[in-house]
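Below are the chains, spelled out letter by letter.
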Amino acid sequence: MENKTIGKMIPLFYAYRVISRFYLYLPVMVVFLLGQNLSYLEIGLVLAAYGFAVMVSKPLVGIALDIWPKRAVLFTGEWMKCLGVAGLAWDGDSVAKLIVAQAVIGFGFSCTQGTDSMLLSQWAEKSGDSSAYRKIESKSQSYIFVAVLISGVAGALLAEIDIRLPFYLTVPFNFVASFVALGFREEFRPRLPQIRFWRNREAGPVRGALKPAHVVSFYAVNRATIMAYYVLALPLLLFVQANVSVGYFGVFLGLFSLTAFLAGQRLDRLARRLGEGPLWAAVPCCILVSSLLLMADRPWAYWPAPVLLGFAAGVVRPLAYGFFQKEAEPVRKAAMESAEFWFALFNAGFVLAIAALFEWSIRGGLAAVMAAVAVVSLGQLFWKGKSSARISKTA
């Protein structure tokens, strides 16, 4: 693949990421479920169905990536998201149907999440520019957060008219994204997903994949925590505790998305000025401080919390995927797949745990779950430091 072709693919890549992440319904999902008179635990089950579907479908997506081009997998995933989002609004009066619709969205997201990054990795490797991947990944993440910012505010305003309107208007964006993905070019050689293939992969690359295991776990735990805040904890705290309106809630989400956008845009500059170490440490610290602020029960404390969470969201994925990009192709692919698998598992588990604990005490549940996550993340940073020290001594 020539460099000129790669240059043409990058704008298309940016366009796909922005359009496919234009989730108008996501900011008002919890409001919609509360309007169906669901308990906190039922809301948690509906939201967790997404994460569990992502986790369970990963092996199937892996097989699909062996026998289909990546753009075909992306196309399929976007269509599944169309069906799932429409199903949420159509069958909003049944918990079982809501869970099925969420599972369909999760399966679709499993097809798209990481697959586009694999394509980008392939293009960057062919271009011969080792730094291109991280720059493009970071920039595209910033564009995603702009899309989330705009769609969050727009979704909140549309929900003031009709709570189901954001759901129906999300479908056209996924529809368009499916055809944008068909414009991607790639080098593809189909492989039969036989048992022999799985054994060969485990015999070689999996051993090397243990090397970035601490980064995989760090990414999965912290990103899952941030998303659990975004989809469940923040909406419940603001709607139940603070009694804010849907439109006002869009402003809080805007702070999250705007900060994430700015953090992603300035990531390389911050890394050069501060070093990557402080940025890694800042992610769990932002989660911990935002947890303490949200438990303060003060109106002013709700404003800095989305800013801190947005900063963590803006840097955690580019940092982790930039680390994976330094590894050889088999290890890099295994690390990316593992990171998304564990992210889905932790996210579903955290959402269920938060929902169950919120039935007992919103503030107590937030303290128990998020403080534990912060401690785990800081422990992972300590493990990362010890691993780096051992590598430097043996080098």
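Look above for the structure.
Residues numbered from 1 in each chain as written. Predicted model: local features only at pLDDT ≥ 70, side-chain atom pairs only at ≥ 80, totals over all residues. Heavy atoms only, no water.

**Some words on the packing of aromatic side chains**
(1) Moving on: Tallied over the entire structure, the rule returns 24 aromatic pairs.
(2) Moving on: Look at Tyr23 and Tyr25: their rings are 6.1 Å apart centre to centre, the planes differ by 65°, and that puts the pair in the edge-to-face class. Accessibility classification places Tyr23 together with Tyr25 in one group, the buried group.
(3) Moving on: Summarising the aromatic geometry, the rings of Phe346 and Phe350 are spaced 5.8 Å apart at their centres and angled 20° between planes, so their arrangement reads as stacked. Pair noted here: Phe346 and Phe350 are both in helix α16 (residues 329–360), with a separation of four residues, about one helical turn.
(4) Moving on: Taking relative accessible area as the criterion, Phe346 reaches 27% and is therefore assigned partly exposed. (Phe/Tyr/Trp six-rings, centres within 6.5 Å; stacked < 30°, edge-to-face > 60°. Buried < 20%, exposed > 50% of the residue type's maximum accessible area, 1.4 Å probe, protein only. Helix = DSSP H or I, 4+ residues; strand = E, 2+ residues; numbered from the N terminus.)

**Description of the packing of helix α11 (residues 213–241) against helix α12 (residues 246–265)**
(1) Moving on: Axis separation between α11 and α12 bottoms out at 11 Å; the angle between their running directions is 145°. Judged by the twist between their axes, the crossing of α11 over α12 is right-handed. Contacts between α11 and α12 involve Ile226, Tyr230, Leu234, Pro235, Leu238 and Phe239 from the former and Val246, Phe249, Phe252, Leu253 and Phe256 from the latter.
(2) Moving on: The residue makeup of the contact of α11 with α12, split by class, is eleven nonpolar, no polar and no charged. (Axes fitted to C-alpha atoms, helices over the stretch in contact; angles between N-to-C directions. Left-handed = near helix turned anticlockwise from the far one by under 90°. Contact = heavy atoms within 4.5 Å. Nonpolar A, V, L, I, M, F, W, Y, C, P; charged D, E, K, R; others polar.)

**Looking at the state of the cysteines**
By definition, a disulfide links the sulfur atoms of two cysteine residues through a covalent bond.
(1) Moving on: Per the stated rule, a full pass over the model turns up zero disulfides.
(2) Moving on: With no disulfide of its own, Cys285 lies 7.2 Å from the sulfur of Cys286, the closest cysteine sulfur.
(3) Moving on: Its relative accessible area of 37% is what places Cys285 among the partly exposed residues. (Disulfide = S-S within 2.5 Å.)

**As for empty space enclosed by the protein**
(1) Moving on: All told, the structure shown has two cavities of 30 Å³ or more when counted by the stated rule.
(2) Moving on: Approximately 640 Å³ is the volume found for the largest cavity.
(3) Moving on: Along its surface, the largest cavity is lined by 31 residues, and Tyr23, Leu26, Phe109, Arg223 and Met227 are the ones closest to its centre.
(4) Moving on: In terms of residues, the lining of the largest cavity owes the most to one element, helix α7 (residues 132–161), which gives six residues.
(5) Moving on: When its residues are assigned to classes, the lining of the largest cavity shows 21 nonpolar, six polar and four charged. (1 Å grid on protein atoms, 1.4 Å probe; cavity = no way out; pocket = protein on both sides within 12 Å on 5 of 7 lines; lining within 4 Å. Points joined across faces, edges and corners; volume = space filled by probe spheres on them.)

**Notes on the environment of Ala96**
(1) Moving on: Tracing the backbone through its elements, the reader meets Ala96 in helix α5 (residues 95–112).
(2) Moving on: Classification of Ala96 as exposed rests on a relative accessible area of 51%.
(3) Moving on: Separated by 50 residues in the primary sequence, Ala96 and Val46 place their C-alpha atoms 8.4 Å from one another.

**Digging into helix α15 (residues 304–325)**
(1) Moving on: With 22 residues, α15 extends 33 Å between its outermost C-alpha atoms, agreeing within 8% with the 32 Å of an ideal straight helix rising 1.5 Å per residue.
(2) Moving on: Within α15, 18 of the 22 residues are buried, which leaves the element mostly enclosed by the surrounding structure. (Expected span 1.5 Å × (residues − 1).)

**Some remarks on the packing of helix α4 (residues 70–90) against helix α6 (residues 115–127)**
(1) Moving on: Put simply, α4 and α6 touch, their axes get as near as 9 Å, and they point 155° apart. Judged by the angle between their axes, α4 and α6 are roughly antiparallel. Relative to α6, α4 is oriented so that their crossing is left-handed. Note on element contacts: α6 touches α4 through Thr115, Asp116, Met118, Leu119 and Gln122, opposite Lys70, Val73 and Leu74.
(2) Moving on: Residue classes in the contact of α4 with α6 are distributed as four nonpolar, two polar and two charged. (Parallel < 35°, antiparallel > 145°, perpendicular 65-115°, else oblique.)

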